[in-house]
Amino acid sequence: MNYVQKLRTFIGDSVQVVTGLDVITGELLGVTNSTLTVLAASEPGYGGGQTVVFQLDRITYVRVL
């Protein structure tokens, strides 16, 4: 099982995605061979979340919460 296949097993789970510039927490929506999509948790009082797409080669690590 490779990295992409393993990440796909966590679709629907809460994750924390860490890049060199940011840390985003939210629900893992999907994984392709080159991207990872997260519905980021919204800040309290600011409405619904935001969909964020990461390039896999820019991700430092993904933590399942």
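What you see is a predicted model; the values in this text were computed from it and never measured.

Focus on the sheet that holds strand β2 (residues 23-31)
Taken in spatial order, the five strands make up an open sheet running β4-β3-β2-β1-β5, and their pairing is antiparallel. Each edge of the open sheet carries a strand with a single partner, namely β4 (50-55) and β5 (59-64). Within this sheet the neighbouring strands show an average axis-to-axis angle of 40°, counted without direction. Relative to β2, strand β1 (residues 14-19) is paired through five bridges, and the arrangement is antiparallel. Looking at the pairing, V15 lines up with G26 of β2.

Side note on the environment of S14
With respect to the helices and strands, the residue S14 is situated in strand β1. Owing to a relative accessible area of 41%, S14 belongs among the partly exposed residues under this scheme. In this structure, S14 is in contact with G26, E27, R63, V64 and L65, ignoring residues within four places of it in sequence.

What about the side chain of Q16?
Within the secondary structure layout, Q16 lies in strand β1. Relative accessible area serves as the criterion here: at 15%, Q16 is assigned to the buried category. The residues touching Q16, leaving out its near neighbours within four places in the chain, are V23, I24, T25, Y61, V62, R63 and L65.

Some remarks on the pairing of β1
In terms of burial, β1 is a largely internal element, five of the six residues being buried. Once β1 ends, the chain turns through three residues before running back antiparallel as β2.

Considering the environment of E27
Here E27 shows up in strand β2. Taking the relative accessible area as the measure of exposure, E27 reaches 34% and is therefore partly exposed. Residues within four places of E27 in sequence aside, it is in contact with G12, D13, S14, T37, V38 and L39.

Basis of the calculations
- Residues numbered from 1 in each chain as written.
- Predicted model: local features only at pLDDT ≥ 70, side-chain atom pairs only at ≥ 80, totals over all residues.
- Heavy atoms only, no water.
- Pairing = 2+ DSSP bridges.
- Helix = DSSP H or I, 4+ residues; strand = E, 2+ residues; numbered from the N terminus.
- Axes fitted to C-alpha atoms, helices over the stretch in contact; angles between N-to-C directions.
- Buried < 20%, exposed > 50% of the residue type's maximum accessible area, 1.4 Å probe, protein only.
- Contact = heavy atoms within 4.5 Å.

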